[in-house]
Each structure stands twice: as structure tokens, then as C-alpha cells.
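A structural walkthrough
Residues per chain, in single letters:
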Amino acid sequence: MVQNVAQEVAELEQEDFNLLSGVEHGMRFSEWVAREKLPEFARLTEEEVDYRLDRVEDRGLVERQTIQYEGFRLTFEGYDVLALKSFAERDTVEGFGAPLGVGKESDVFEVQSYKPMALKFHREGYTNFREVNKERDYTSEKEHVSWFYTARKAAEREHEALETLYPDVRVPRPVDQNRHAIVMEKIDGVELNRAKLDTDQAEGVLDLVLQEMALAYAKGFVHADISEYNVFVHESGITLFDWPQSVPTEHENARELLGRDVKNIVSYFQRKYPNAVSEPDVDAVADAVAADSFERIENY
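Residues numbered from 1 in each chain as written. Predicted model: local features only at pLDDT ≥ 70, side-chain atom pairs only at ≥ 80, totals over all residues. Heavy atoms only, no water.

Summarising the element assignment, Asn230 is placed in the loop between β10 (221-222) and β11 (231-234). Aside from chain neighbours lying at most four places away, what touches Asn230 is His223, Asp225, Thr239, Leu240, Phe241 and Asp242. (Helix = DSSP H or I, 4+ residues; strand = E, 2+ residues; numbered from the N terminus. Contact = heavy atoms within 4.5 Å.)

See the structure below:
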């Protein structure tokens, strides 16, 4: 559990972190890091490596395999520890709170900084590695791709998108990023799939989503996974979140992905609010969004 990992950060010693960092370094080259490589990677003596391995393995921060050779790799908890330590050293995170959302590709928790924030740990590649590796463009050219590389690149891509889009586009304000983790503004509201909207509200919310997609496209990014599950609805409007799969607009498939996003979100509103949303020309709506000229869906 991540809450337990937060406690581990306070209890571990610097040499424990050195060992974890050494395993992380070795995993750039292979899935399992050979035991004899760890003194070099961690800059510790062999005796110190043995002692530290027992400590971090007992805490579930590394895994061991003994087939063919004795090797070690980080668990996600071990990777979490390294990211949390960096955030603590930079005074980004001062305390840990309750879960805000747990899914297949990320875990989100409330954390305390100068005010409550959201800490998102990316989990891409750990349980669905092949599927994520196939879909994400930032893993396609790398020969050896580990799950923690995939998760880190997802966090980097999301953080890059948020930094580019905020504040012109309604996205969470990015605060900090390290490894596979991002600290961002905590958004109050409800996911669109759980929102109860009347006819006028549904029409207005769809307008807002398409407007923000148009602004994002103008600023250089396509979300590439827009759905009712990554739109927050709140009193002041909407917020588009969850951007790790986003692509820059110069990407060769950007216009196609934008069209898919438009179709996904319009289709959702047509299914759930048939009296509020007529059946528009989705291609025309996507063209308008791409041109940053969206006004109202009934015009198309």
C-alpha cells in the first residue's frame, strides 16, 4: 500500500536509498539486475549490499529471482519510495492523505503541501505492459523497455502537456514531477460519467468540453483518450485530466486522434442525453475543433 510506502521513506536510511537507486540504474539495461553488479551501481561494499538487500526486500521494495542467476528488480513500491523521497527533499510533499482514485494505470492520492494537492503514481506497463508499450509512441523505438521506463515516460508526457496547456486550458495545475509521479492541483468536482445533468446542462457541458479540446489543440496537444471518465464537472465549469497518452499536434496521427476524441465524447452525450444532443456531423465538429473555431454543436 502506498500509505505504508510513505512511512518507509521516513524509516529508511540513506544507504537503503542508494541501493534502490542502484537497482533502478541497473534496470535501464535489463529487467533483473545481477547481484554482482549492485556494489558498482549502488556505490556500496558487497557486505553493505547484502545488508541493505535484506532490509529493502523485507519491506517489499525489491523482488529477487534465482533462475539462471541471482537478480533483483524494483517493485512499484520501491519506485514509489524513490519518487516520494525526491518530493520530500524538494519540499513538494509534506504529508500523505487518502486515496482519490485507484485504477489499472495510475493511483492518485491526496497529499499535503502548502495546501492539499493530488499525487499521481503512473502504473503503465506493470500489469498491462505489452498493450501500453504498443500504444504509446514514446516506447516504440527503444529496444529494452521496462515497466518503470514506460511509467516514467507517461508521467513526463503528462507533465509536459499540463505545463504547456495550463492555465489557458482547463487542466489541473502541474506542481512537480519525478520518475513516474506527478504532483498537481487537487480538483474538486465529479467525473462526468457520475454527473447528473439536465438537458440544458448537458448541452452546455458538451460545449465546454469541445471548447477546451479546441484550446488544447491550438496550444499544441491532442488528449487522445477523451471520455466521460477523464472530465471533471464542477461549479465553475469542467476540467480535462489524465493526459499521459496525449500527442503533440505535429504528430502524424494527431488529426485522426482528435477526431476519435470528438466522436467518443459526442457519442457519450448522445447515448446518455438523447434529448439534449442531436446527431451532428462529427467530422465537421472535429474540423471546427482543430481550427479552434468551435461555437455550438447544433451549428454542424
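Having seen the structure, we can now continue with the description.
As a further point, take the side chain of Glu158. Among the secondary structure elements, Glu158 is positioned in helix α7 (residues 147-165). Here Glu158 falls in the buried class, since its relative accessible area comes to 1%. Setting aside chain neighbours within four positions, we find Glu158 in contact with Lys120, His122, Ile182, Asp242, Trp243 and Pro244. (Buried < 20%, exposed > 50% of the residue type's maximum accessible area, 1.4 Å probe, protein only.)

Our next topic: unusual backbone geometry. The linkage connecting Tyr166 with the following residue, Pro167, adopts the cis geometry, with an omega of 5°. For Pro167, the position within the fold is in the loop between α7 and β7 (174-178). Residues other than glycine seldom take positive phi values, yet Gln68 does so here, at roughly 70°. Within the element layout of this structure, Gln68 appears in the loop between β2 (62-65) and β3 (71-74). For Gln68, a relative accessible area of 79% corresponds to the exposed category. For Arg179, which is not a glycine, the phi torsion comes out positive at approximately 50°. Within the secondary structure layout, Arg179 lies in the loop between β7 and β8 (181-185).

Quick look at the sheet that holds β2 now. An order of β1-β3-β2 is seen for the three strands of this open sheet, with the pairing classed as antiparallel. Single-partner strands in this sheet number two, and they are β1 (33-34) and β2. Across the sheet, helix α2 (residues 14-26) is in contact with β1, β2 and β3; its angle to β3 comes to roughly 100°. (Pairing = 2+ DSSP bridges. Axes fitted to C-alpha atoms, helices over the stretch in contact; angles between N-to-C directions.)

With that out of the way, let us pick up the pattern of salt bridges. Summed over all chains, the structure comprises 24 salt bridges. Connected via shared salt-bridge partners are Glu13, Glu15, Asp16, Glu48, Arg52 and Arg55. (Salt bridge = Lys/Arg side-chain N within 4 Å of Asp/Glu carboxyl O.)

Core analysis: the biggest nonpolar cluster contains 46 residues, and Leu192, Met213, Trp243, Ile265 and Phe269 have the highest contact counts within it. The greatest single-element share of this core, amounting to nine residues, is contributed by helix α8 (residues 199-219). For Leu192, the contacting residues outside a window of four places in its chain are Leu197, Val205, Glu228, Val231, Val233, Ile265, Tyr268, Phe269 and Lys272. In this structure, Leu20, Leu61, Val81 and Phe148 belong to the second largest nonpolar core, which totals 37 residues. (Core = buried A, V, L, I, M, F, W, Y, C linked by side-chain atoms within 4.5 Å.)

All right, on to the packing of aromatic side chains then. On inspection of all chains with the given rule, the structure shows nine aromatic pairs. Seen in terms of ring centroids, Tyr79 and Phe148 are 5.1 Å apart; in terms of plane orientation they differ by 70°. Their pairing is edge-to-face. With Tyr79 in helix α5 (residues 76-89) and Phe148 in helix α7, this residue pair connects regions lying 69 residues apart in the sequence. Under the relative-accessibility criterion, Tyr79 is labelled buried at 0%. In this structure an aromatic cluster arises from ring pairing among Phe76, Tyr79, Trp147 and Phe148. Above the ring of Phe17, the side-chain terminus of Lys85 is found at 4.8 Å from the ring centroid. The side chain of Arg123 reaches across the aromatic face of Phe76, ending 4.7 Å from its centre. (Phe/Tyr/Trp six-rings, centres within 6.5 Å; stacked < 30°, edge-to-face > 60°. Lys NZ or Arg CZ within 6 Å of the ring centre and 35° of its normal.)

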